[in-house]
Structure formats: structure tokens, C-alpha cells
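Observations on the model geometry
Single-letter residue listing:
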Amino acid sequence: MASLKKVDESRTNQPFIYRQYSHEQLKQVLHKMYLIRRFEEGAEECYTRGLIHGTMHLSIGQEASAMGICMPLAEDDQITSTHRGHGHCIAKGAEVRRMFAEFFGKTTGYCGGRGGSMHIADVAKGNLGANGIVAGGIPIAVGAALSSKMMKTGKVAVSFFGDGANNEGAFHEALNMASIWKLPVIFVCENNGYGMSTSTARSTAVKNIAERAAAYSMPGVIVNGNIFSEVAEASFKAVERARAGEGPTLIESKTYRHRGHSKSDRNRYRTKEEIEDWMSNRDPIVLFENELRDFGIIDEKGIQGIREAVEQEIAEGIEFAKASPSPDVSRVEDYVYTEHA
Amino acid sequence: MASLKKVDESRTNQPFIYRQYSHEQLKQVLHKMYLIRRFEEGAEECYTRGLIHGTMHLSIGQEASAMGICMPLAEDDQITSTHRGHGHCIAKGAEVRRMFAEFFGKTTGYCGGRGGSMHIADVAKGNLGANGIVAGGIPIAVGAALSSKMMKTGKVAVSFFGDGANNEGAFHEALNMASIWKLPVIFVCENNGYGMSTSTARSTAVKNIAERAAAYSMPGVIVNGNIFSEVAEASFKAVERARAGEGPTLIESKTYRHRGHSKSDRNRYRTKEEIEDWMSNRDPIVLFENELRDFGIIDEKGIQGIREAVEQEIAEGIEFAKASPSPDVSRVEDYVYTEHA
Amino acid sequence: MDAMVRELSYAQAIQEAMAIAMEADERVFLMGEDIGVYGGAFQVTGDLVERFGTDRVIDTPISELGGAGVAVGAAVTGMRPIFEFQFSDFATLAMEQIVNQAAKMRYMLGGEVSVPLVMRFPAGSGTGAAAQHSQSLEAWLGHVPGLKVIQPATPHDAKGMLLAAIADPDPVMIFEHKLLYKMKGPVPEGHYTVPIGKADIRREGRDLTIVATSIMVHKSLEAAEALAAEGIDIEVIDLRTVRPMDKQTIIDSVKKTSRLLCVYEAVKTLGIGAEVSAAIAESDAFDFLDAPIVRLGGLETPVPYNPELEKATVPQVPGIIAAARDLARGVR
Amino acid sequence: MDAMVRELSYAQAIQEAMAIAMEADERVFLMGEDIGVYGGAFQVTGDLVERFGTDRVIDTPISELGGAGVAVGAAVTGMRPIFEFQFSDFATLAMEQIVNQAAKMRYMLGGEVSVPLVMRFPAGSGTGAAAQHSQSLEAWLGHVPGLKVIQPATPHDAKGMLLAAIADPDPVMIFEHKLLYKMKGPVPEGHYTVPIGKADIRREGRDLTIVATSIMVHKSLEAAEALAAEGIDIEVIDLRTVRPMDKQTIIDSVKKTSRLLCVYEAVKTLGIGAEVSAAIAESDAFDFLDAPIVRLGGLETPVPYNPELEKATVPQVPGIIAAARDLARGVR
Ligand SMILES: Cc1ncc(C[n+]2csc(CCOP(=O)(O)OP(=O)(O)O)c2C)c(N)n1
Ligand SMILES: Cc1ncc(C[n+]2csc(CCOP(=O)(O)OP(=O)(O)O)c2C)c(N)n1
Ligand SMILES: [Mg+2]
Ligand SMILES: [Mg+2]
């Protein structure tokens, strides 16, 4: 099991990602982490300005987890995501313009404006979709892994879910089946300490959710979800294990959401201090930025360049969304069933 | 964890039940174990002769488990039972005549002929009912334990279920809640090796279901379910723990059903040898009988006396059932809702 | 009288009913997800946890099936739980306990037990929450003997019917439309009950009967007012209870108006309007019908995210006006 | 032609359809509890595991929700699972995956995916298995856009509609009455399909239309024969598909007979007959109706264990005869 300490050690002898990935790739990672952050800040702003309706669940503060898990995945590997799925979607390769378009309810959105934030998906890139049902995507990922095994495609399936989801029966049933059938699936519990207002201490009988892996005879790994290298290394090993036909892994990625649960959250269940502490001392993007700087992989100028590129991408994405057409109300009954050719 | 070996040792220094219960009580236990066995054989015969319709699930071979768990319970402690619940019902204090009457669909049956074998209950004696839904009774027992805690009645709730039930989401959700709320409930998994035709090896990712207790931070105890003393001791400790407010326990009682799953079972999934071995070498009644003889608690004559008493009880029970009236069809809509006074 | 002019929101009315019941009877308690310090996803339980403590306002883990089962077990052993689903859509996870256990336990056990359980289901569309957070599933539970199913449409009824539900010895399922939570209306102080199983004539009329449920009652009343200007006099019946359904009130109304329009938000096919229509078509009111029985229900689609599409999937006032006018005028 | 005279049981017909599909398409596989060596609770899968192996005839743990979810995930990623519930009552545990995921995924994702999933639900009473093993829940799924729901009544249709379901790109839910499994009837050899969404006129008649589902089709035909002797000429329509419902066939029939009786086993309130009745009452067939639309459905109770009580809870031939006679003769 990785831990904060481990990373410090590894500084001395090159942490996993520096052995595994090129500097270019690592800069790309930083770029994408910014992109996730700025996408959500942009979406939040659009929401506040009334350009986006409904609600949304922001993963700000969890970017390293989404990126680290997706880094070792191939484009055709598949994921099932959650209500807090913007980061997963971008990390798996989605374009922010089509995500914004979806949030704006436009035809150019990934779901043609039918899904919105809670169902954001990018099937072409292997994202089978966010899910409005807590733990709803877990058995679906196991099904994707079953397809992979039956069709011998070599694909790996990843199911993202939160700490709150681990108390759903679907979690139990899905992990058990994945284990007895040795399926190529990775269960990623992004433990941000709370299911809505309910802390894991109040909702979950074990201290670490990874401990539950033993109940399914699969490895349970705990990583600091705010340190990209740790997450990527755990994911890499789990992917190797899955592709080798050795079965599933449960990764618990300990992280934190900076924002409230959704757009209606009085944040009564956690202290200002706690939030402040995570924001100022454990921001995954700052940590990764510093690491890349320390390793001389990027300098201020490089960072500035990325920031600016991202700003432009976001601005263009929002413009694209605004300019895109809304679906015609007469088409409301499309897609209920598959149109026969 | 208790084990076969342990009992042999304990022969030297008195196993639990001989320290805990009087000879009279132990003879009563033997009496009830016979009663369960003969009740089910009698029901089976009535079924074969077409006197009972539907289907039934016989617990023949599991009598020590039902008796051992219920032995330390007070009359007002409550249990939730399963489709294989005849033994639980008798062990908790039900009269066989009213059980037969229920199987015959008569008004004198415990459920007025509305429930039959799959819903046999005896609320007055704390049996909240067998259940047609695998794992359906587990959360209900947790609810009974919650009532006990809120109303400070000191009652303990016991949930019986099978090995197959441990893969249901309800099992996971219920054990987690019982643990975080420290409720006075005991989870008893009667592991007879198979869920219908599916062996635990094929259905369950862990070797021993008790190992899953760790996922809920509660003690997991494995006992030889065919040895009354072992089961009773584990139950006694779990009851003490529950009454002391220390929370739930998961007891895995390893046993075997001599009969097929239900009345429609071709027994294709297990070998004649396996069945034969359990029947001739591990019959819980024979084991207990021998133990009582070895300890000089009962002799042949005493055993004969019990056997005869049981025969009579069964015969009278069947007569009572036959002689009882069937419900009037015009009353079919009774009990859907509570009749307002 | 002063008490009568006091206005509360629908959510406040529910909260007040729960508080009154909890004050009066210590067996009454609340279970649900984030109903404590968070106050509930729709702030219905609000600050009740501060008044009654975490022992009686219990935050459950995210475990709908197990949570519902715990509530059933508590109800059958002497407590009176009020279980809140965060969204009615999540009841799909708990149907086993609701339908196989709570609804049938008394019957299966030959009357040996009762299950005094109340479950609350925030339902309906209109919040931009898309297909998995916008369903109206009351018809499912209305199909299940052993349950009682209600849909209060006003703050007054929300409080009175909830108090009736808590006092009821059997399981009562309450569907609350999310868009009603903020609606205000007069709510009497203190304890009172509104009977389960009685429909309410919200507006008397001669030309046409509209039977509406939940939020559609208000949309139908709005349509009725608009049509009054055109000289069409509409009777609007608030069904209020899905099971047991108050057919007599509808029959009597149809005998008077000879025309029936059913308005409900759920998917049209097999929604409440199907039962209302069938109940009239097989009653002695059939001979009084001068026109087909018309149903306005939700479209045969999941609820989409886009707000314009979302609105298009459920009946709106203009559509009700058009349908009512055509029916009253005999246009086919 | 020889193939036409061959008789198979309803269960054998289903098994044959699955075997043909599995032979033809390696993406087709079976999932369920005890469908392998045990052959299924009702011996429908029988010995298929010996033919196709445990990789394609998969015994699941007792995990209906997870199992259904795995099937949904497999379907959306290229496979064509056929999922068997051991009893339809256990679908109460899987409604989340069926209704929130399988039914809505294509819509929520704007048409980016299809979910070619078949689920089989052994349903109905008559086996003495009591309240939790005897339900008829097809109306629930008939209320859900995105699903197709069928109830074949004969071995011929069981095979042909299952093959149509397997070929269908969308989720198809098949309700199979347990008492039909042993019923024999002519079943053509080889591959053929019976279209989903088309009702079938089983018996032509002039005086009265009966719309029946599943096992009630046979009871209704029996009643029709008995009444023929009395000179009452009854048309019996086998609905076959709950969603999408073939309203036109019923409308045309009612225009001819002017009288409609709906016969179904499920609880009467909000059962299929409610939709059939409402669909006719709002159609242009309304003007042709000479009498109220009558429904014969299950009683408003759970299914009891006692065999006499159990029979009393669902429509039987004598009751159908009496209701049809009264309706045809205009008795109220
Ligand atoms: C089955 C179900 N129950 C409840 C909800 C309401 N809900 C949405 S997100 C959420 C909290 C989920 O917590 P967690 O799994 O830790 O994910 P996080 O929000 O922390 O990312 C809840 C209760 C839901 N969407 N689905
Ligand atoms: C939810 C549910 N799924 C499936 C069934 C059908 N079924 C009845 S008993 C049984 C096997 C249960 O196995 P186990 O829990 O080990 O109990 P045992 O029969 O061995 O005592 C099954 C699959 C059911 N009754 N309920
Ligand atoms: Mg969380
Ligand atoms: Mg077993």
C-alpha cells in the first residue's frame, strides 16, 4: 500500500511516473489537470450566471485521482463514472466543448442535451457515462469486463465510485462477481470523506474502504488521491493484473472535494478549517506542479503557457456551447428506442 | 474459533453446554432436535401423499444449528427466519400442530393458512417469520434490533440466513448498519455448502463467510453447525455481547442439508458420496445423542422415551391439522389491511 | 380564525406534521439519507435533528434496500418509522422490502402483525435533474395491495394526510412533488388529519370533470379559471389518494358533467389516469358519458435534461386548456 | 408440413429459441441463478449448459441487482445477454438496473448506445408458493418507456417472440406464466420470429371482445367455447405485447363487437386491463361501445398459500363465463 511517506522516499529514487512516462506526457497530465479544474470553475460560473440549469457536482480537488487512474488506460478501455464525473470524462479524453454543450443542453453535447452533467459520457473514448444512481455504474463496469473476457478484446473496465457508494448492495454484489469470475475490472473508490453530508465514520463500519477488498479476495490498495504519481502507479499495477487475467483490484483513492456536495449545500457538516486545510496544503494540482518544477520538467514559463492554452480552450468551449443549437422540441421522443434502419 | 478438534479437548474439561445447562434442559434439547427432524419427515410424507401442496425446503441435517442458536435466547428475543425455517420455528418455541395446520392451509395454522411453509411464523414466541426472499429477513432483524435499542427492551434479534444469501446486497447493507449503530443483533449464516445448486466455491469470493465480518468490524465466528455445544456457545457469547450493547456478531454455522433444495431437485450438483458421508458420519442428532450418552446424561431407555413422545406429538399434530377447518373463501380479503376497531 | 390564515410552505407543513407526531409519540422517528445535519435534500426535515437528536432523526448510509428493511423491521416490532427516500427514483432499490415485505407481511402472517410504516418519496420532474431524478412512480405502488398511496397537493393536505399516515396501522407511501415543496398555503396549527382515501373537489363545475393528481391539480385549476372566461365551467377533483381510490366522488361528478379528463405527470401508459378512466368506464357513470375519456399524462419517454424538452414531457397549462376546451366543446 | 405438427412444451420452445440464437450468434449468452447444472428453477434452460458450457450459461450468485447490472453492462458493450430471474417477484431487487439504467441509457446518452438485453420473468400464481412467489408485475415495466414488455401465451409465440426479442436492439422483458411451461403446442422447427407489438386474434366473434393476456388467453378461449353453445359469439384477442401496445387491433375489434371485457391475472387496480380500457375509452371506438368496459383482474390482495383461496384471487373460467354472458346480454 502506498502512503504519503512512500512518496517522500521515492523522491530519492524516481517515483513511478518519472520512470514510466516522458516529460511531454507529464506536461500533458498537468495540462489536463488544469483543464478539469478550469472546466468545472467555468461550468460553475455559467451555472451561477444562469446559463446552465439543474444541478452539478464538482470534483475540484480530486483531479489527480481522475488523471492518475486514467493515465495507464488505453483509449478503448472503458469506464463507468459517477454524478461527480466531469474529471473522469476529461481524463478519459473528452473534449470540453462538447461537455459544455451538453451542460447547455445543446444538440452538439455528448448526449444531445438529453443527459446533462449527471449523465455526461463519451462512448467513443470509452466513457460509458456518469450515473445519477450512486453505485449504479459498478455492476455495469463488471458487465463491460465480462464482455471483454467473452469477446477476448483485452479491454479493461474501470468503475469510479465514491465512499458513500461502498455501502450500497450493488457494490457488494458487483465486487463478489468480479472476483469469482476473475474479470478485468478495477474498482476505484474516490474517498473524499463524505457521502453528501455523511462522513465515512458515520456511514461505514470500516476505517478504510480498501479493507473491504478482503471480503472479495481481491487486492485492496490505498493511495493518496491527491498525488498523481501514487494514483497512476496503483492504477498501472491494477491494469497489468487485469490484463493478465488475474482479476479485479479495489483502489481507494483518498481525496477531498473543495466545493459543497452539489449546488444546494450549506456545508454544515464540515469545518471551514478542514476545507481550508485541504485547499491550501493538499491541492493536487499545486502538488503536481511543484513536483514537476522540482524535477526540472517544467518551469514558470511552461506553466504559464499551459495555463493560457487552457484558458483559451475553456473560453472557446463555452462559446461553442452558446453558439450551438438547442434540440427541436419535436425531437423529444428520439432515442427512446433504437431507430430501425 | 471453535472447531471439531476443540470439542474433543473439551470432552476432558466439560464443553460449554454441560457447564451452562442442566441435564433436564439438555434432554429437552434432544427432544426438540428429534421433534424438528420428525416434523420435517412427517411434512415430507404428507406432501408426498398429496396432503400438503406447494413446495417446502427441509432443514434435515441442520437441527443442531437451529437449536444451538436459539438455546441462549429469551422467549421475547426475536428471530427472522428463511425459506428453510421449520427448525428455527420449532427451536424458538412453536407448536408442531399449528405448523402442520399451516402447511395444510387451515385456519388453525400460525398464518391462518395464508402463509404456508415459506412464511411460517410464531410472533408470540418471537419468530417474525420465514421469508420467501433470500436475505429478505436480514434488514428486518436489524430493524427489530433498532426497536430494542430505541425502546430499551433489552431484546436481542437473530437473523438466520444461508450461504447463498451472503451475496445479496441486503446482507451487506444490513451488516454495515448494524455495526455502525452497534445494534443487538446476531447474524447467523447457516452454511450448508450450497445455494440451491450453486456451491459457495462457485458463488462466493471468500472461503469462509465469517471472513466477511471484518468488512463490518464485527466478530466473525465459525462453528461446526452439527455440534450443538459449539453452536450454543457461540450464540451465548454473541447474545451476551449484544445485550451488553457491544454490537452485532456474525456466526457462520457450517452444516449440510440431507435433502434436496426443495421438492424439485434432481441433486445433480453434489455426489451421492458427499451426501452419504454427511448423513452417516455427521448427523447432528446422532452426534448429540452419543455425547449425552457418553456423559451419562441419558440412556437408551431415556432416548426411547423421547422418541416415542415425539412420535405421538407428530401424529397428534397431523391429526389436528387434518381435523382443522379450511378458511372460508369469502374471507380471502381479510388481513390485507389492519381492521379498524 | 387566526390559525387558518397562517401560511406555510408544503415542506414546512410536512416538517411540522413530523414534529407534532414526534412530540406526541416517542415511537415515531425519522430515517433517511442526509436528513440530519444536512436537513434533507429538499430541506424537509430541516433542523428537526436539533430538536429531536440523532437518535430519532437517523442519517442512514446510502443503502436504500437495507434502510427500508430496517424501517420495516422497526415498524413490525413497535416503532413508527418515517422513512425518507432522497428521490423517489431510488425506491427502485427498495421495492423488494416495500412490496414483498411491508405490503404483504400482515397478510402472509394471517393478521398477526401490522406494519405502521410511512415512506416519503420526493417525485416528479421540473428541476433539470434528468431521467434518473425525475420519475413519477406512484402507479407502481398503487398496484400493490397492502399499501396505501397518497399524493397530497397542498400544504394543508401534506400536513393533515401525513398525520393520518403516521396514525395509520398500515404502510402508507407518500409521493411529494418536488416543485410543491416551496409552494405556500394556509395550514392550521396543531394536530389535525385529512383522511386517506377521500378525493377533494377543488372546484365545482358543470361542463367537464378533471381528475388531477399532485402538482397537476394546480395546473388544472389554472386551466379551469382560464376556461371559465370562455364560459366553460370545469369541476376539478384532486384525487389525493391513489390506493384506495375514491371512485364514488369521481362517479358522482361525471354523472353531473358527462365528460372526464384525467391529468397526471407520470408516463401516460399505465399511469393513474388509466385506472381512473377504467374505473369510470366500468361504473354506472358510463351511461352518462357524452364523450371519450381523455387522458393527459407524461410522454412515453424518460425525462430529458434540456429544460425545454423537459417541460414538453409533462402536461402544462396550455395543453390542459386545449384538451379541456376540445372535450367540453365536443371537438374530436 | 411436418415441422408444423411437431409439439413442444412452452418451456421447451423457449429453450429451443435460446439454443438457436446461441448457435447463430456467439454474442448471445445466458445468465441467471441455477440455470446451469440445475437446469433452472422451472427447467427452462435444462441441459443447455452441457451444450454451450459454463462460459455461456452462467450461474450467478444470488445477486439480482448486481446480476442485472452485469447484464446491462455486457449488453451495452457488445454482448447479447439473456437474463433469467428465478421468479419475477425477485425483479423487485433489480428495478434500479432495469428501469434507471437499461431502459434509459440510450435516451440519456442521446442515442450513443443501445442495450440489446433480454430478461425473462417466470410469473403468476397457481403453484402454492404464496405471496412472494406468485406476483404478476408486468404492469410496472409496461409503465416504463425504453423497455419493451411481452407476454407470450403459447409455445409457438414463446419461441418466436423470444427470437424477436434477442434480435431486438433494445431491452425486452418477457413475462412467462409458470403454469404455461408444461403446456404443449405446435412449434415450427428452426428460426422464425413473431413480431413484438402485434396482438393476435385467437378467436373471431361478433358479440363481445375479450382482451386477455398470458394464461388468461386460454381461460378466455375456454369460456368463449362454452358461451358459443349459448349462442354468444366472442372474439378473443391475445394482447401478447404490453409495451408497445397494439391498440388498433383492439379498436377494430370493439368497433365490430361494441363490447369489451379485459381479463388478466395481475391485481386489477392499475393492471394491464386498466390501460386497455382507458385506451379504448379515449379512442374513436368509444362511440361504438354499447356497454361499460368490464375488467376481470386479480383480487386486491397478496396471493395466499391455501389453494382454494389462491384460486379465488385470480380469474377462473366460470367467472369469465359469467362476466362475458352478463356483458353480452347487457345485464348490469
Ligand atoms: C441510489 C442513490 N441514493 C442516493 C442518491 C443521492 N446522492 C447523490 S450523490 C450522493 C452522495 C454520494 O456520496 P459518494 O459516493 O461518497 O460520492 P461523492 O458525492 O462524495 O463524490 C447521494 C446520497 C443517489 N443519487 N442515488
Ligand atoms: C431474492 C431471491 N432470489 C432467489 C430466490 C430463489 N431461491 C430460494 S432458496 C435459494 C437458495 C438459497 O441458498 P442459501 O441462502 O444457501 O439457503 P439454503 O437454501 O441453502 O438453506 C434460492 C436461489 C429467492 N427465494 N429469493
Ligand atoms: Mg464521497
Ligand atoms: Mg445454503
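Here, the structure is the one placed above.
So, a few notes on the structure that sits alongside this text. Quantities reported herein were computed from a predicted structural model and do not represent experimental measurements. (Residues numbered from 1 in each chain as written. Chains lettered and ligands numbered in written order. Predicted model: local features only at pLDDT ≥ 70, side-chain atom pairs only at ≥ 80, totals over all residues. Heavy atoms only, no water.)

1. Structural notes on the site of ligand 2
- Taken together, 23 residues sit near ligand 2, with His83, Arg84 and Gly132 of chain B together with Glu64 and Gln86 of chain D positioned nearest.
- More than one chain reaches ligand 2: the nearby residues come from chains B and D.
- Separating an oxygen atom of ligand 2 from a side-chain N or O atom of Asn192 of chain B is a distance of 2.9 Å.
- Contacts to ligand 2 include Glu64 of chain D, whose side-chain N or O atom sits 2.6 Å from a nitrogen atom. (Near = heavy atom within 4 Å. Polar contact = N/O pair within 3.5 Å; in protein donor to acceptor, adjacent residues only side chain to side chain.)

2. Some details on the coordination of the magnesium ion (ligand 4)
Residue and element names in this part refer to chain B.
- In this structure, Asp163 (OD), Asn192 (OD1) and Tyr194 (O) serve as the protein donors to the magnesium ion (ligand 4), at separations of 2.1 Å.
- In the primary structure, the donors to the magnesium ion (ligand 4) are separated according to the pattern D-x28-N-x1-Y. The exposure classification of Asn192 matches that of Tyr194, with both residues buried. (Donors = N, O, S within 2.8 Å, 3.2 Å for Na, K, Ca; no water. Buried < 20%, exposed > 50% of the residue type's maximum accessible area, 1.4 Å probe, protein only.)

3. Side note on the side chain of Glu33 of chain C
- Tracing the chain through its elements places Glu33 of chain C in the loop between β2 (28-32) and α3 (48-52).
- Summary of buried charges: Glu33 of chain C has no salt-bridge partner, and the nearest side chain of opposite charge, Arg202 of chain A, is 12 Å away.
- When sequence neighbours within four positions are dropped, the list of residues in contact with Glu33 of chain C reads Asp59, Thr60, Pro61, Ile62, Ser63, Glu64, Glu84 and Gln86 of chain C. (Helix = DSSP H or I, 4+ residues; strand = E, 2+ residues; numbered from the N terminus. Lys, Arg positive; Asp, Glu negative; His and termini not counted. Salt bridge = Lys/Arg side-chain N within 4 Å of Asp/Glu carboxyl O. Contact = heavy atoms within 4.5 Å.)

4. Overview of the coordination of the magnesium ion (ligand 3)
All names here are of chain A.
- For the magnesium ion (ligand 3), the full set of protein donor atoms is Asp163 (OD), Asn192 (OD1) and Tyr194 (O), at a range of 2.1 Å.
- Going along the chain, you hit the donors of the magnesium ion (ligand 3) in the pattern D-x28-N-x1-Y. Taken as a pair, Asp163 in the loop between β2 (157-162) and α8 (169-180) and Asn192 in the loop between β3 (185-191) and β4 (194-195) lie far apart in primary sequence, 29 residues in all.
- A relative accessible area of 1% means that Asp163 is categorised as buried.
- The class of Asn192 is buried, set by a relative accessible area of 7%.

5. A look at the packing of helix α7 (residues 137-151) of chain B against helix α8 (residues 169-180) of chain B
All names here are of chain B.
- Between α7 and α8, the shortest axis-to-axis distance is 8 Å and the interhelical angle comes to 15 degrees. The orientation of α7 with respect to α8, classified from their angle, is roughly parallel. In terms of crossing hand, the pair formed by α7 and α8 is left-handed. Note on element contacts: α8 touches α7 through Ala170, Phe171, Ala174, Leu175 and Ala178, opposite Ile138, Pro139 and Val142.
- Class assignment of the residues belonging to the contact of α7 with α8 gives a composition of eight nonpolar, no polar and no charged. (Axes fitted to C-alpha atoms, helices over the stretch in contact; angles between N-to-C directions. Parallel < 35°, antiparallel > 145°, perpendicular 65-115°, else oblique. Left-handed = near helix turned anticlockwise from the far one by under 90°. Nonpolar A, V, L, I, M, F, W, Y, C, P; charged D, E, K, R; others polar.)

6. Some thoughts on the interface of chain A and chain B
- Of the residues lining the interface, 20 residues belong to chain A; the matching set on chain B comes to 20 residues.
- For the pair chain A and chain B, the summed buried area comes to about 1,500 Å², and 49% of that belongs to carbon and sulfur atoms.
- Across the chain A-chain B interface, the total number found is zero salt bridges.
- Inspection of the region where chain A meets chain B yields 16 residue pairs in polar contact (both at pLDDT 80 or more).
- Sorting elements by how many residues they give to the side of chain A that touches chain B places α8 of chain A first, with seven residues. (Buried area = accessible area lost by both parts, 1.4 Å probe.)

7. Considerations on the sheet that holds strand β6 (residues 148-150) of chain C
All names here are of chain C.
- Strands sit in the order β3-β2-β4-β5-β7-β6-β12 across an open sheet of seven strands; the sheet is mixed. Two strands in the sheet have a free side with no partner beyond their single neighbour: β3 (57-59) and β12 (241-243). On average, each strand axis in the sheet is tilted by 20 degrees relative to the strand beside it, whichever way the strands run. (Pairing = 2+ DSSP bridges.)

8. Considerations on the relation of the copies chain D and chain C
- Note on the copies: chain D fits chain C at an RMSD of 0.0 Å, the axial shift is 0.0 Å, and the rotation between them is 180 degrees. The two molecules are tied by a two-fold rotation axis, judged by turn and shift.
- A shared binding surface is used by both copies, with 100% of the interface residues of chain D retained as interface residues in chain C. (Least-squares fit on C-alpha atoms with pLDDT ≥ 70 in both.)

9. Notes on the site of ligand 1
- Inspection of the region around ligand 1 gives 23 residues, with His83, Arg84, Gly132 and Gly164 of chain A together with Glu64 of chain C positioned closest.
- Within the backbone of Gly164 of chain A, one N or O atom sits 2.8 Å away from an oxygen atom of ligand 1.
- Glu64 of chain C has a polar side-chain atom sitting 2.6 Å from a nitrogen atom of ligand 1.
- In the complex, the protein chains occlude 97% of the 570 Å² of accessible area that ligand 1 would expose alone. (Areas by Shrake-Rupley, 256 points an atom, 1.4 Å probe, with all protein chains shown as cover.)

10. Quick word on the relation of the copies chain A and chain B
- Mapping chain A onto chain B calls for a screw motion: a turn of 180 degrees about the axis and a shift of 0.0 Å along it, with 0.0 Å RMSD after fitting.
- Here 100% of the contact residues of chain A are again contact residues in chain B; the copies associate through an equivalent surface.

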